[in-house]
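Report on the structure
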Amino acid sequence: MTTVSPPATGLVAPQRQKQKPDWTGWKFVGPFMIVFALVLIAPVIYSIWLSLFKDQLVGGNQFVGLDNYVTALGDGRFWESLGRVTLFLIVQVPIMLLLALAAALALDSARLHFSSFFRISIFLPYAVPAVVATLMWGFIYGTQFGLVGSLNDFLGTAFAPLSSSWVLVAVGNIVTWEFVGYNMLLFYAALRVVPVDLYEAAELDGAGTFRIIRSIKLPALRPAIVIGTIFSIIGSFQLFNEPNILKTLAPNAISTYFTPNMYAYNLSFSGQQYNYSATIAIIVGLLTAVIAYVVQLSGSRKES
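About the thresholds
- Residues numbered from 1 in each chain as written.
- Predicted model: local features only at pLDDT ≥ 70, side-chain atom pairs only at ≥ 80, totals over all residues.
- Heavy atoms only, no water.
- Helix = DSSP H or I, 4+ residues; strand = E, 2+ residues; numbered from the N terminus.
- Rg over C-alpha atoms; globule rule 2.2 N^0.38 Å.
- Buried < 20%, exposed > 50% of the residue type's maximum accessible area, 1.4 Å probe, protein only.
- Phe/Tyr/Trp six-rings, centres within 6.5 Å; stacked < 30°, edge-to-face > 60°.
- Expected span 1.5 Å × (residues − 1).
- Bend = angle between axes of the 7 residues up to and from the residue.
- Polar contact = N/O pair within 3.5 Å; in protein donor to acceptor, adjacent residues only side chain to side chain.
- Salt bridge = Lys/Arg side-chain N within 4 Å of Asp/Glu carboxyl O.
- 1 Å grid on protein atoms, 1.4 Å probe; cavity = no way out; pocket = protein on both sides within 12 Å on 5 of 7 lines; lining within 4 Å.
- Points joined across faces, edges and corners; volume = space filled by probe spheres on them.
- Nonpolar A, V, L, I, M, F, W, Y, C, P; charged D, E, K, R; others polar.
- Contact = heavy atoms within 4.5 Å.
- Core = buried A, V, L, I, M, F, W, Y, C linked by side-chain atoms within 4.5 Å.
- Arc of directions from axis to C-beta.

**Remarks on the overall build of the chain**
From N to C terminus, the chain includes 12 helices and two strands. Ordered by position from N to C terminus, the α and β elements of the chain give α-β-β-α-α-α-α-α-α-α-α-α-α-α. The C-alpha atoms of the chain give 28 Å as radius of gyration, which overshoots the globular expectation for 304 residues (19 Å, by more than 25%). Expressed along its principal axes, the backbone C-alpha trace of the chain runs to roughly 115 × 80 × 35 Å. Looking at the chain residue by residue over its 304 residues, the buried ones come to 35%.

See below:
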């Protein structure tokens, strides 16, 4: 059996031209990636490298592997500072987020007179630098020259916010005052994108104010609450400015290892223990990342 070949048409199949790669996106992202690599990735890699060495009396800086991490896990000062920050996180963050949530709901209710004034007033402390805010509150907390001292003289009390028993509460009050406005704006922005049709349908069904908050506003706020919680967790583990500045006013109440960041800072700049300081920083960074990831994962599951 013979096969008949198709007649030649004289046409040549067109060859596809290779498309040149489009580098437009990378041209825009490139400068950021360079800065990101220089100011974040490179320091992290260098810190990890430092944490694997130790400055010995004999032999100088030598490779010790994970010995610094083993030492940190048995360091009482590190665990004390970490426990203090964890307590601060458990107490201060929920209070701050609840206050921000209440302020956002009040502003979004359209029943608050002078809402623009209150929105700016609540957000304004966030615009104040942390150093200035801490110095201002440190003056208020002063028992010899500040507002608290004047109130103690007037009432005949002896309340000392910067004492060992109350200093963590004092720091928490400063941080709450600073960041309530930021979280309030975050929640308020999330509420403003809720479709008006949902509110109208709820009112037609006879839903009251609290029912609307529970069934419409809070579910719409869940992603913003997760983001605010993650940012607050990161900020709590990074606590440094407020206690470090207040230390000059309360040297007996705030130690050099009051927070993990203060401990790492003083190890590096006062104790010249750069390797061990890097180890503390790496452990705190990993712990923060794990907790933030767990919160994000939990929030995503609830949302789905």
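Back to the text.
**Here we look at the packing of aromatic side chains**
Summed over all chains, the structure comprises 16 aromatic pairs. The interplanar angle of 20° and the centroid separation of 5.9 Å between the aromatic rings of Tyr-46 and Trp-49 together place this pair among those described as stacked. Here Tyr-46 pairs with Trp-49, and both are found in helix H1 (residues 24-51), just three residues apart, close to one helical turn. Take Trp-49: its relative accessible area is 43%, and that puts it in the partly exposed class. Ring centres 5.6 Å apart and planes at 40° place the aromatic pair Trp-137 and Tyr-141 in the tilted group. With Trp-137 and Tyr-141 both in helix H5 (residues 130-141) and four residues apart, the pair spans about one turn of that helix. Here Trp-137 and Tyr-141 have matching classes, each one buried. Aromatic ring contacts, followed pair by pair, group Tyr-46, Trp-49, Phe-53 and Phe-63 into a single cluster.

**Digging into helix H3 (residues 76-108)**
The terminal C-alpha atoms of H3 lie 47 Å apart, and with 33 residues this matches the ideal 48 Å at 1.5 Å per residue to within 8%. The sharpest bend along H3 comes to roughly 25°, located at Gln-92, with the proline Pro-94 sitting one to four residues further on. At the N-terminal end of H3, a side-chain oxygen is found 3.1 Å from the backbone nitrogen of Arg-77, two or three residues along, and the residue is Asp-75.

**Section: the pattern of salt bridges**
Applying the stated rule across the entire model yields three salt bridges. Across the salt bridge formed by Lys-217 and Asp-108, the nearest N and O atoms sit 3.1 Å from each other. Of this pair, Lys-217 sits in helix H9 (residues 209-237) while Asp-108 sits in helix H3; the two residues are 109 residues apart in sequence, bridging distant segments of the chain. Owing to a relative accessible area of 9%, Lys-217 belongs among the buried residues under this scheme.

**Comments concerning unusual backbone geometry**
Phi is positive for Phe-114, which is not a glycine, with a value near 55°. Its place among the elements puts Phe-114 in the loop between H3 and helix H4 (115-127). On the basis of relative accessibility, which here comes to 66%, the residue Phe-114 falls in the exposed class. Its identity is not glycine, yet Gln-272 carries a phi of approximately 60°, on the positive side.

**Concerning the layout of surface pockets**
Rolling a probe over the atoms, with the probe sized like a water molecule, indicates the empty space that remains. Here the largest pocket defines a volume of roughly 500 Å³. Of all elements in the fold, only H1, H9 and helix H12 (274-303) reach the threshold of two or more residues within the lining of the largest pocket. No other element matches H12, which puts eight residues into the lining of the largest pocket. Broken down by class, the residue content of the lining of the largest pocket amounts to 13 nonpolar, five polar and no charged.

**Details of the side chain of Thr-229**
Of note, Thr-229 is situated in helix H9. Accessibility expressed as a relative area gives 18% for Thr-229, which makes it buried. Apart from residues lying up to four places away in sequence, Thr-229 is in contact with Leu-97 and Val-295.

**Overview of the nonpolar core**
Side chains of a nonpolar character, in soluble globular proteins, are inclined to be buried together. Membership of the largest hydrophobic core comes to 35 residues, with the highest contact counts inside it found for Phe-78, Phe-187, Leu-221, Phe-237, Tyr-263 and Ile-280. Breaking this core down by element, the ones donating at least two residues are helix H2 (67-73), H3, helix H7 (167-192), H9, helix H11 (260-269) and H12. In this structure, Leu-221 is in contact with Leu-101, Leu-105, Phe-187, Ala-190 and Leu-191, ignoring residues within four places of it in sequence. With 19 residues, the next largest nonpolar core counts Phe-88, Leu-162, Ala-170 and Met-262 among its residues.

**A few points about helix H6 (residues 147-155)**
Within H6, burial applies to Val-148, Gly-149 and Asn-152. The buried residues of H6 occupy an angular sector of 100° when the element is viewed end-on, so they sit on one face. Across from the buried face of H6, at angles greater than 90 degrees, the exposed residues are Asp-153 and Phe-154. Buried-residue contacts for H6 involve H5. One or two positions beyond H6, positive phi appears at Gly-156, with a value near 75°.

Purely geometric numbers; function is a separate question.
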